[in-house]
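Topology and contacts: notes
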Amino acid sequence: MEHTSVIKRENQQTKSHLPSIYSLTFEQLKNWIIEQGEKPFRATQIYEWLYQKRVTHFSEMTNLPKALREKLSGHFDITTLKTLVKQTSKDGTMKFLFELHDGYSIETVLMRHNYGNSICVTTQVGCRIGCTFCASTLGGLKRHLEAGEIVAQVVKVQKELDEQNERISSIVVMGIGEPFDNYDELIKFLKIVNHAKGLNIGARHITVSTSGIIPKIYQFADEGMQVNFAISLHAPTTELRTKLMPINKAYPLPKLMDAVRYYIEKTGRRVTFEYGLFGGVNDQLEHAEQLAELIKGLKCHVNLIPVNYVPERNYVRTPREQIFAFERALKKHGINVTIRREQGHDIDAACGQLRAKERKEETR
Ligand code: SF4
């Protein structure tokens, strides 16, 4: 059985690839502008063209001198991403399959909430973490995304929303890949989308989620960023977590909890624990009790995720009543808990599903 979920269009020529302008933080762009002998305010103008007017050619940046526009196009690429598939769910969720310059493809999801539009971005092509419930890891890691390729997902989807006069109001870094495995590009991405002269998405409207790469949690705590932070926990004991998430062997649960405590102390911010419910595996009341004990006294919130059925894996869905019983058990201990609303059920919205399906169709 073939288990890779990564598509690479085999016959595609790898195009010559200039660095993406979307990979530059505002400071980096300003430094480049100064190096070119131009005035620093040009960086503000370029950021406005990129992120507020969202042009797709340097020639459209009409308030820049022609020589600068030519220099820009000689040094940088401004193309966003090629849309291979766009699916819209009955509930408004949109799922995109984008092609990268080298033929790999990535998924991005736009979710509609009553409080705004939220985009879920991908940070890697594939993933090497190996969570046993995840289709995205089946083919391993192909490559990291550059910051500009993560930014481009937001710009591309925002351009779709421009047609409806709507705006992306929040970002979740929870798509395919482990963000902390691509740490430097992640930090650049966060700075770019958060910048006041750019997309200006407030830090408190951005959430980063990790499977638990402990050294990076300490580093992230020290960055001083005000973004929301989530841990994919999924199990309340070392033994069970290792079964679900092999990363727990390298970064065991007690040490992960030490890192979480450091994060909370250092930032003063609340942590969200993502807990996927897998029928008969981690969804019993004893697990709720163990979870309550594990996170007792922490400034935290638990997000229960009724997991979609992934055809390649054997986990079954937790029955509805059991989900509510699990929630009640946590609430009894005074734990702040919510159940994630399911979106895009009719469009393969679980991570990796669209890409896996596309690939199957390609190889038929
Ligand atoms: S759940 Fe996330 S971290 Fe785990 S294998 Fe899938 S993409 Fe990687």
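Residues numbered from 1 in each chain as written. Predicted model: local features only at pLDDT ≥ 70, side-chain atom pairs only at ≥ 80, totals over all residues.

As recorded by an unreviewed UniProt entry, the protein chain carries the name Probable dual-specificity RNA methyltransferase RlmN and is attributed to Parageobacillus thermoglucosidasius. Listed under Subcellular location (unreviewed entry) in UniProt, the entry text for the protein chain is "Cytoplasm". (UniProt positions renumbered as here; feature names shortened; annotations may be inferred.)

Now for the nonpolar core. Counting residues in each nonpolar core, the largest one holds 89 residues, and the members touching the most others are I119, V151, V154, I171, F189 and V193. With seven residues, helix α4 (residues 147-162) is the largest single contributor of residues to this core. Lining this core are residues from two domains, each supplying at least three of them: domain 1 (25-75) and domain 2 (82-363). Sequence-distant contacts of V154, that is, excluding residues within four places in its chain, are made with I119, V121, I168, I171, V193 and L199. (Core = buried A, V, L, I, M, F, W, Y, C linked by C-beta atoms within 7 Å. Buried ≥ 20, exposed ≤ 12 C-beta atoms within 10 Å, placed from the backbone. Helix = DSSP H or I, 4+ residues; strand = E, 2+ residues; numbered from the N terminus. Domains from an automatic or database assignment. Contact = placed C-beta atoms within 7 Å.)

With that out of the way, let us pick up the UniProt feature "active site" (unreviewed entry) in the protein chain. As annotated in UniProt, the feature "active site" (unreviewed entry) corresponds to E107 and C351 in the numbering used here. With respect to the helices and strands, the residue E107 is situated in strand β3 (residues 105-113). With 26 C-beta atoms packed within 10 Å, E107 lands in the buried category.

On to the packing of helix α1 (residues 26-35) against helix α2 (residues 41-52). Look at α1 against α2: their axes get within 8 Å of each other, and the N-to-C directions meet at 130°. Relative to α2, α1 is oriented oblique. Crossing hand, α1 versus α2: right-handed. Facing F26, L29, K30 and I33 of α1, the residues of α2 in contact are R42, A43, I46 and Y47. Within the contact of α1 with α2, the residues separate by chemical class into six nonpolar, no polar and two charged. (Axes fitted to C-alpha atoms, helices over the stretch in contact; angles between N-to-C directions. Parallel < 35°, antiparallel > 145°, perpendicular 65-115°, else oblique. Left-handed = near helix turned anticlockwise from the far one by under 90°. Nonpolar A, V, L, I, M, F, W, Y, C, P; charged D, E, K, R; others polar.)

If you check α4, its first and last C-alpha atoms are 23 Å apart, about what 16 residues at 1.5 Å a residue would give, namely 22 Å. Buried residues dominate α4, accounting for twelve of its 16 residues. Residues of α4 that are buried include every one of A147, G148, E149, I150, V151, A152, Q153, V154, V155, K156, V157 and Q158, and no others. If you follow the buried residues of α4, they end up packed against β2 (94-99), β3, β4 (116-120), β7 (168-173) and α5 (183-194). (Expected span 1.5 Å × (residues − 1).)

Here the focus is the environment of M61. Mapped onto the secondary structure, M61 falls in the loop between α2 and α3 (66-75). Since 21 C-beta atoms lie within 10 Å of it, M61 is described here as buried. Excluding its chain neighbours within four sequence positions, the residues that come into contact with M61 are I46, W49, V55 and R69.

This brings us to the UniProt feature "binding site: [4Fe-4S] cluster" (unreviewed entry) in the protein chain. Here the UniProt feature "binding site: [4Fe-4S] cluster" (unreviewed entry) sits at C127, C131 and C134. Its place among the elements puts C127 in the loop between β5 (124-126) and β6 (141-144). On the basis of neighbour count, C127 is assigned to the buried category, with 28 C-beta atoms found within 10 Å. With residues near it in sequence (within four places) discarded, C127 still touches S136, T137, L141, I176, G177 and E178. With respect to the secondary-structure elements, C134 resides in the loop between β5 and β6. On the basis of neighbour count, C134 is assigned to the buried category, with 24 C-beta atoms found within 10 Å.

A positive phi is found at N200, a non-glycine position, where the angle reads about 60°. Within the secondary structure, N200 sits in the loop between α5 and β8 (206-210). N200 gets classed as exposed once you count the C-beta atoms within 10 Å, which come to 11. In this model, H234 sits at a positive phi of 65°, which is unusual for a non-glycine residue. Checked against the element boundaries, H234 lands in the loop between β9 (228-232) and α7 (238-244). Residue H234 is classed as buried on the basis of its C-beta count, with 27 C-beta atoms lying within 10 Å.

A few words on the pairing of β8. By the criterion of burial, β8 is predominantly enclosed, with four of the five residues buried. As defined by bridge partners, β7 adjoins β8 across three bridges and the pair is classed as parallel. Bridge pairing in β8 links V172 to T207. In the classification by handedness, the crossover that spans β7, the intervening α5 and the parallel β8 is right-handed. Sheet topology note: the β8/β9 ladder contains four bridges and is parallel. Each residue of the ladder has a partner; that of T210, found in β9, is I231. For the handedness criterion, the β-α-β arrangement of β8, helix α6 (residues 214-223) and β9 is classed as right-handed. (Pairing = 2+ DSSP bridges. Right-handed = clockwise from strand over helix to strand, strands pointing away.)

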